[in-house]
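Read off the chains here:
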Amino acid sequence: MIDLAALKKEAKQLLKDEKVTYLLGYRQGSNGHRAVPAFIREPEEVEQLTWDPTCTYNLTRYLIDEVRERNSSEEREDRPVGILVKGCDNRAINVLLQEKYLRKEDVHVIGISCEHAGMVDEKKLARELKNQPVMEIEFGEGDRFVVTTEEGKTTISAEKILADRCLECKASYPAGAEVIFGDKVKREFTRPYKGLQEIETLPAGERWAFWKAQFEKCIRCYACRSVCTMCYCDECVVDSIELAVTADTTAEEKARKVRWAERSPVTSENFTFHLTRAMHMAGRCVDCGECERACPVDIPLRLLYAKLARTADKMFDYEAGSDPDQPPLTSSFTMDDPGDFIR
Amino acid sequence: MENILTKQALPRWIEQLDAYQIYAPVREQEGWKYAIVDTPDSVTLDYPNTVLSLKSILFPQREVFLEFHSQNGRDLEVEELLPGDAQSVIFGVRPCDAKAISLMDKVFGGDYIDNYYWKRRNQTRLIGLACNEPVSPDCFCNAVDGAPYSTEGLDILMTDLGDRYFLESVTEKGEELLAVEDDLFQEAGKKDQKAVKDLRSGAEKKFERKIPELQNMPEILANLFDSDFWEQESMSCIRCGICTYLCPSCHCFDINDEVETAAPLKGVRVRTWDTCQFPDFTMHSSGHNPRSDRAARLRQRVSHKYRYFPEQYDAFLCTGCGRCIDKCPVGIDIVEVLNKAVDYEG
Amino acid sequence: MKDNPYLPELARIVEIKEEVGGERAIKSFRTQFIRENGFSFQCGQCAMLSVFGRGESMISISSSPYTSDYHQFSIMKMGRVTTALHDMQENDIIGIRGPFGNAFPVDQWKGKNLIFIGGGIGLAPIWSVLHTALHEQEDYGDFTLIYGARTSGHLVFKDELEELRDKMTVYLSVDEEESGWEEFVGFVPQNVTEKKPSPENAIAVTCGPPIMIKYVIQALQDLEFDDSQIYTTIENKMKCGIGKCGRCNIGSHYVCKDGPVYSWAELKQLPQEY
């Protein structure tokens, strides 16, 4: 079990000693049982810090805004940002370090192990409780959750209501963080790439029909991209909603800009967006699962990126973010890479 | 007109409406959406609310305005492409979504009539379903001048009384729909009316979320225009479009030309949903962007709904459906923002 | 106005005039509608010009309503649609929707002295009101134009400016010293301060880069102009042109519909977000 009091003590001290500019953590949300991201600046505010199975947010996403802010300010801030990370979030930081987007001195990492549990899937929880309103959900002993409803407390085994990405998790322990709370444990229920294996049993024609139906639902809200730590490009290749136009951009440059996908949320354009984004995730996606959680129309996005992750693993023995000193997959090669076109 | 329809008789009523395309809520994985139903038996009204609101039918996410083609580069033909003539009936509309449509009516009417919107609107009849309790913990219709049994925007309102529905017609179009077989509907009696009344007062009490000082909100927001309140509240915003796309009353859109062939020129001009939350929504061609930071964009979304729209139309552009709160990936809560705005001193 | 405010009328480009060359080129396009459609406008109003296949752009009508042979649009090459317009030839067809927006209240200005202050391409949106008033010059007081650009090559309507000198006072300026330039050297707001137009029974109309407008208003206030005597026309990113797409708003106003013409007294009441 994570000692929340000890975690708060650590956080408070960091802020008191002004070792970090602020701390990215979790606090109780304003409506219902879910936690929300918290930006904690003062030691007194540490009291609101929470750690429970709804702390699903990958806070490293906010490091992107922080880096942009630091790069554009005249006097670069010399203290790091403090951040709470789970094992998957920690890997995201490693990818940012590998890609030299983030500098080690910009971040002070406090890791929390998911131990025998992880993050709850709200939809699975609702089904399990037959839509009874949940008042609170906490980590119990071992692999149990303790759920409080109007009828009182009940314990549920983690495996029943854990998010799919936790059931397939490859990184439940944030190795390499400055400080780590919780133990490294062997998780019995883990089945990496389980979802991917299931869909791969379908013949190609059925898989095409499956994805076509999924992309017909897509409303191009870009939540999947907006929530993803790895999508930090100032200007996205498929859509100009992050148009990096300045006063110096010439009319010719603007006129010649290719719109790789139209704004219309039609199936063809949705395919273009999603498959392009998936390709850009190869060797970078750490399977934090935020994209799938954020999607309002329930597209099983993780399957796309899992396909590329497993390919990277098989072909290049590469797991995104497992080692901060490893070079990025697509900008490096070794002499024993498969394929002899390069030799 | 107040009628009773037993639940078993519902499919028979729908059968009578064979002149119309019938939309009803259907399940889609974990959520619900409006879809055209072919079999009257499959219509179920036992559901919370749809993920994509009613606006996705009356104000679709993609709407083709016109088609253009040029044979030889010199002459150019442009053809208007209005929506088709299908008449529709939509069942199961929650009062928050219906009220949002009546707000949209103001936007798409006025000095300039938007023919695309109005052709669909005039060809559609909305049959509402009152909420006997909040369908989600995020609901707050009665905190924004609404009610779970409001008839605004509807042609008929149905109330679920357990084994039967209480139907009240709101408009002439609604009455027409009720003018079918004599024995399908019974006239509602005093017992039914009392059951409805009790349900409604019970429902009201179950809504917990409140917005203090609602009527003063335009002034409160005006006073906060330059404060760092917005910076604080928008810190976790990731600039996706979920809040605005799912909102039943958000109406911002983009217009783009989509070219099929360049020579000879052939293409269409389309309208697509857009959102004030995307960073380049207000960006000028020169690169100047009046709302370049997320604080300004959150301020715009909240102010449009609770200050600017009321200044123009004397109504809030929010009907309390709660979708933005439920689906925001980072838990930004407009009710909390408004509550904090009231007390904010800075 | 058409039944469908989103449907453009087709118009032919009958004349293209190069006003300014180089990077931020400016061309004046004179258009004629292909069929009679009863299009009529007031000075200050704008229209959405369509380049089919590229998109639309909201441009002020720079000719006056008294010019019936054509409608003039003076356009700077800025982005996608304007570049496509600049690539067009005489006789090409474009679409026009409009007129949109509000007009300069010229009737209210009768008997007053009119001071037009423009910078760069900013002369185009006020060219219409200048010529509208000039058409009935005897109904107004004195006419003054204070206009400047970065260099003499950046001045628009150069030929017409010389013709104007016969009818009204014209003060020109360039930002920096230039060989052969004998008029004021400096920024337009500085020229305003130098020429000291009197606020007595006067209306000032200004348009130009946002920063210029800001300092011109300052300069006029220093000369004791009342905020209600200062008019400007603003721009914002626009798509529908009819106050529905939600993009161009400043507070509860849509610039395409409730603007673009505002007095400073009106504009300062709106949230300062533009």
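Here the structure is shown first, and the text comes after it.
Worth saying up front: this structure is predicted, and the values here are computed from it rather than measured.

The rules behind each value
- Residues numbered from 1 in each chain as written.
- Chains lettered and ligands numbered in written order.
- Predicted model: local features only at pLDDT ≥ 70, side-chain atom pairs only at ≥ 80, totals over all residues.
- Heavy atoms only, no water.
- Helix = DSSP H or I, 4+ residues; strand = E, 2+ residues; numbered from the N terminus.
- Rg over C-alpha atoms; globule rule 2.2 N^0.38 Å.
- Buried < 20%, exposed > 50% of the residue type's maximum accessible area, 1.4 Å probe, protein only.
- Contact = heavy atoms within 4.5 Å.
- Areas by Shrake-Rupley, 256 points an atom, 1.4 Å probe, with all protein chains shown as cover.
- Lys, Arg positive; Asp, Glu negative; His and termini not counted.
- Charge placed at Lys NZ, Arg CZ, Asp CG, Glu CD.
- Pairing = 2+ DSSP bridges.
- Axes fitted to C-alpha atoms, helices over the stretch in contact; angles between N-to-C directions.
- Buried area = accessible area lost by both parts, 1.4 Å probe.
- Salt bridge = Lys/Arg side-chain N within 4 Å of Asp/Glu carboxyl O.
- Polar contact = N/O pair within 3.5 Å; in protein donor to acceptor, adjacent residues only side chain to side chain.
- Phe/Tyr/Trp six-rings, centres within 6.5 Å; stacked < 30°, edge-to-face > 60°.
- Lys NZ or Arg CZ within 6 Å of the ring centre and 35° of its normal.
- Parallel < 35°, antiparallel > 145°, perpendicular 65-115°, else oblique.
- Nonpolar A, V, L, I, M, F, W, Y, C, P; charged D, E, K, R; others polar.

Caption draft 1: Inspection of the overall build of chain C at higher detail. Assigned secondary structure in chain C consists of six helices and 15 strands. Here the C-alpha atoms of chain C give a radius of gyration of 18 Å, agreeing with the 19 Å that 2.2 N^0.38 yields for 274 residues. Dimensions of chain C, computed from C-alpha atoms along their principal axes, come out at roughly 45 × 45 × 35 Å. A burial count over chain C gives 62% of its 274 residues as buried. In chain C, the proportion of contacts linking residues at least 24 apart, taken out of those at least 6 apart, comes to 67%. When the accessible surface of chain C is split by element, carbon and sulfur atoms take 44% of a total near 11,000 Å². For chain C, the separation between the mean place of its 26 positive charges and that of its 38 negative charges on side chains is 9 Å.

Caption draft 2: How the structure looks around the sheet that holds strand β11 (residues 202-207) of chain C. Residue and element names in this part refer to chain C. With mixed pairing, seven strands are arranged side by side in an open sheet as β10-β9-β8-β7-β11-β12-β15. In this open sheet, the two strands that pair with only one neighbour each are β10 (184-185) and β15 (261-263). Judged from the two bridges that link them, strand β9 (residues 169-174) and β10 form a sheet pairing that is parallel. Following the sheet pairing, valine 174 is matched in β10 by valine 185. Where helix α2 (residues 123-135) meets the sheet, it contacts β7 (113-119), β8 (143-149), β11 and β12 (230-233), and its direction lies at approximately 160° from that of β7. Relative to the sheet, helix α5 (residues 210-222) contacts β7, β11 and β12, its axis offset from that of β11 by approximately 160°.

Caption draft 3: Layout of the interface of chain C and chain B. Chain C puts 43 residues into the contact, and the matching count from chain B is 47 residues. In terms of surface lost to chain B, no three residues of chain C exceed C:Tyr6, C:Lys244 and C:Glu273, which account for 20% of the buried area on that side. B:Arg269 is the salt-bridge partner of C:Glu56, the closest N and O atoms lying 3.1 Å from each other. At the surface where chain C touches chain B, the tally comes to 29 residue pairs in polar contact (both at pLDDT 80 or more).

Caption draft 4: The packing of aromatic side chains, seen in detail. Within the structure shown, the criterion is met by 40 aromatic pairs over all chains. Ring geometry for B:Trp13 versus B:Phe185: centroids 5.3 Å apart, planes at 80°, classification edge-to-face. Of this pair, B:Trp13 sits in helix α1 (residues 10-16) while B:Phe185 sits in the loop between α5 (172-178) and β10 (186-187), and the two are 172 residues apart along the sequence. In this pair, the class of B:Trp13 matches that of B:Phe185, namely buried. Summarising the aromatic geometry, the rings of C:Phe104 and C:Trp109 are spaced 6.1 Å apart at their centres and angled 55° between planes, so their arrangement reads as tilted. Just as C:Phe104 is buried, C:Trp109 falls in that class too. Of note, B:Lys55 hangs over the ring of B:Trp273, and the distance from its end group to the ring centre comes to 4.6 Å.

Caption draft 5: Up close: the pairing of strand β1 (residues 2-6) of chain B. All names here are of chain B. The sheet contact formed by β1 and strand β9 (residues 164-169) spans five bridges and is antiparallel. Considered in β9, the bridge of threonine 6 is made with arginine 164. As paired strands, β1 and β10 are joined by two bridges and run antiparallel to one another. What sits directly across from isoleucine 4, in β10, is glutamine 186.

Caption draft 6: Region of the structure containing the packing of helix α10 (residues 294-313) of chain B against helix α12 (residues 334-343) of chain B. Residue and element names in this part refer to chain B. One way to put it is that α10 packs onto α12 with a least axis distance of 12 Å and a crossing angle of 75°. Taken together, the axes of α10 and α12 lie roughly perpendicular to each other. For the pair formed by α10 and α12, the contact residues are Arg301, Val302, Lys305 and Tyr306 on the first element and Ile334, Val337 and Leu338 on the second. When grouped by side-chain class, the residues that make up the contact of α10 with α12 number five nonpolar, no polar and two charged.

Caption draft 7: Main features of the environment of B:Lys340. Residues and elements named next belong to chain B. For lysine 340, the position within the fold is in helix α12. Take lysine 340: its relative accessible area is 33%, and that puts it in the partly exposed class. Ignoring anything within four residues of it in the chain, the contact list for lysine 340 reads Phe229 and Glu233. Engagement of the side chain of lysine 340 in a polar contact is seen with the side chain of glutamate 233, the distance being 3.1 Å.

Caption draft 8: Structural context of the sheet that holds strand β8 (residues 179-181) of chain A. Residues and elements named next belong to chain A. The strand order across the open sheet formed by five strands is β2-β1-β3-β4-β8, and the pairing between neighbours is mixed. Of all strands in the sheet, those with a lone pairing partner are β2 (35-40) and β8, marking the two edges. Ignoring strand direction, the axes of neighbouring strands in this sheet form an average angle of 35°. The sheet contact formed by strand β4 (residues 107-112) and β8 spans three bridges and is parallel. What sits directly across from isoleucine 112, in β8, is phenylalanine 181. Strands in contact with helix α3 (residues 87-98) are β1 (23-28), β3 (81-85) and β4; relative to β3, the strand with the most contacts, it is inclined by about 135°.

Caption draft 9: Examining the interface of chain A and chain C more closely. Contact residues are listed per partner, giving eight residues for chain A and eight residues for chain C. For the chain A and chain C pair, buried surface summed over both sides reaches about 700 Å², with 39% attributable to carbon and sulfur atoms. There are one salt bridge connecting chain A and chain C. C:Lys77 is paired through a salt bridge with A:Glu252; the nearest N and O atoms lie 2.8 Å apart. In this assembly, chain A and chain C are joined by three residue pairs in polar contact (both at pLDDT 80 or more).

Caption draft 10: Examining the pairing of strand β6 (residues 93-100) of chain C more closely. Residue and element names in this part refer to chain C. Here β6 lies mainly inside the structure; eight of its eight residues are buried. Summarising the sheet, strand β1 (residues 9-20) and β6 pair through four bridges and their orientation is antiparallel. Its bridge partner being in β6, leucine 10 is matched across the sheet by glycine 95. Pairing geometry for strand β3 (residues 46-51) and β6, over four bridges, is antiparallel. Bridging from a neighbouring strand, serine 50 pairs with glycine 95 of β6.

Caption draft 11: Broad picture of the pattern of salt bridges. Scanning the model with the defined rule gives 73 salt bridges over all chains in all. Residue A:Asp106 is joined to A:Arg70 by a salt bridge in which the shortest nitrogen-to-oxygen separation is 3.1 Å. Of this pair, A:Asp106 sits in the loop between α3 and β4 while A:Arg70 sits in helix α2 (residues 61-72), and the two are 36 residues apart along the sequence. Across the pair, exposure class does not vary: A:Asp106 and A:Arg70 are buried alike. Note that B:Lys194 and B:Asp198 form a salt bridge whose closest N and O atoms lie 2.7 Å from each other. Of this pair, B:Lys194 and B:Asp198 both sit in helix α6 (residues 190-206), separated by four residues, roughly a single helical turn.

Caption draft 12: Just unusual backbone geometry, in detail. Between B:Ala263 and B:Pro264 the backbone carries a cis peptide bond, its omega angle lying at 0°. Of note, the bond from C:Gly98 into C:Pro99 is cis; its omega dihedral lies within 30 degrees of zero at 0°. If you trace the backbone, C:Pro99 turns up in strand β6. One non-glycine residue with positive phi stands out, namely B:Asp145, at about 60°. When you line up the elements, B:Asp145 lands in the loop between β7 (124-129) and β8 (156-160). Positive phi is not limited to glycine here, since B:Arg239 has a value of about 60°. Tracing the chain through its elements places B:Arg239 in the loop between α8 (229-233) and α9 (242-246).

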